[in-house]
Amino acid sequence: MTKDILVAIFGAFAPMSVLMFGGANSIIPELHRQVVDIHAWMSSEEFATLFAVAQAAPGPNILIVSLIGWQVAGLAGLLAATVAINAPHCLLTYFIGGIVAKAPTSGWVRALKEALVPITTGLILGSGVVMARAADHDLLALAISAATAGYVVFTSRNPLWALAVAALAGIARVHLLPL
Amino acid sequence: MSPSQDDETRPAPDLVQLFSGFLTLGLLGFGGIAPWARHIIVERRNWLSESEYAQFIGIGQVLPGSNTVNAAILIGQRFHGAIGASIAVTALLIMPVLLVVVLALLYGRFAEISEVCAALAASAAAAAGLVIGTAIKMTVRLRLTPTAVAFGGAAFLASGLLNVPLLVTIGVLVPLGLVVKLWRRQ
């Protein structure tokens, strides 16, 4: 029973590891598809909440995957998810990276790098939209998403300020407009 | 990996130093690790020259995965082979993973308080905005060619709106993009 769910966690996340071009942000739609649509481990709202918790912690954004593992199957789930999302791409980097490092200017590698740039950007934008669809249930949330996007585009300040202001706005709303 | 270009001698970090360096990095990386990584690896610890570091990060970016995690693999590998790579990655991830679980437990305990719920729901909306803003900023700064915009747009449509599996999106767009790049260069 528990073993089955650990195998399912591993099977869902390990392939994503080697598809994670441009960091964790590019796999959010696939993560959402696997966790919410395919395996029904949680609702879209819970997914959005976990993402917010993961963002509030220091470290790489990939923590969302560890947290999903924890939520689904406790400590064993945490370990399965963390190993599944990290080990495959780490092994790939270990074996290919050493070779690539010796030929950093070869035409192939540069072409691949250039080809990946716009695709990565598109995937990140897709991630943002999937997250917004999971998180934005009212006008205030929509306004917060839009304002935060603007904050990132027009300033270079620490993103944590935007999260803090948003949290305060959420609290203020509870007191001003009780639902 | 060839030795560093400049004459400055850099003693290789031992396994303990490798562990402590990446442990610190994991703890500091609020809102993204990348700026801290350079500060610690190049300036404070002096493990690599600026250009070596740029090279490692560049390779880490081409390969799938978080580029800091990949850079940890490459740096650990360079100094201590497979053991070094394992130590560096474990050190980088262990504290953030523990902290995020603590945060989740705290959230679980206080989730009934409506303020906590509201604050987190609003943070989730903001987190979505952060990702959208980052993508827009990257697009503006990159000054993409029309072909690149087409590839980016296709990736966005497939992943953000059409719910296409990532394997399909990447399996189609990356080889196609590579072919276009190589063909144009001839």
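The structure we're discussing is the one just above.
Residues numbered from 1 in each chain as written. Chains lettered and ligands numbered in written order. Predicted model: local features only at pLDDT ≥ 70, side-chain atom pairs only at ≥ 80, totals over all residues.

1. Some points on the overall build of chain B
Counted only if it meets this: A helix here means a DSSP run of H or I that spans at least four residues, while a strand means a run of E at least two residues long, and both kinds are numbered starting from the N terminus. Just to be clear, the radius of gyration here is over C-alpha atoms, and the globule rule we use is 2.2 Å times residues to the power 0.38. Three exposure classes are used, based on other C-beta atoms lying within 10 Å of a residue's own C-beta, which is placed from the backbone: buried for 20 or more, exposed for 12 or fewer, and partly exposed in between. The contact rule is simple: place each C-beta atom from the backbone, and if two of them lie within 7 Å, those residues are in contact.
For chain B, the helix and strand inventory stands at seven helices and zero strands. Counting from the amino terminus, helix and strand elements in chain B follow one another as α-α-α-α-α-α-α. Computed over its C-alpha atoms, the radius of gyration of chain B comes to 20 Å, more than 25% above the 16 Å expected for a compact globule of 186 residues. Per-residue burial over chain B gives 45% buried out of 186 residues. The contacts in chain B between residues at least 6 apart in sequence include a share of 45% that link residues at least 24 apart.

2. Here we look at the interface of chain B and chain A
Selection rule: Polar here means any residue other than Ala, Val, Leu, Ile, Met, Phe, Trp, Tyr, Cys and Pro, which are nonpolar, and Asp, Glu, Lys and Arg, which are charged; Gly is therefore polar.
The interface of chain B with chain A comprises 84 residues on the first partner and 92 residues on the second. If you list the elements that add at least two residues to the side of chain B that touches chain A, you get helix H1 (15–28), helix H3 (50–62), helix H4 (67–110), helix H5 (114–142), helix H6 (146–161) and helix H7 (166–185) of chain B. Looking at the side of chain B that touches chain A, the element that brings in the most residues is H5 of chain B, giving 25 residues. Among the residues forming the side of chain B that touches chain A, the class breakdown is 56 nonpolar, 24 polar and four charged.

3. Here we look at H4 of chain B
The cut-off we apply is this: Under the convention used throughout, the expected extent of a helix is 1.5 Å for every residue step, that is, one less than its residue count. Given a residue, its bend is the angle between the two axes fitted to the seven residues that end at it and to the seven that start from it.
For H4 of chain B, with 44 residues, the first-to-last C-alpha span of 34 Å runs short of the 64 Å given by 1.5 Å per residue. Roughly 145 degrees is the biggest bend found in H4 of chain B, and it falls at His80 of chain B.

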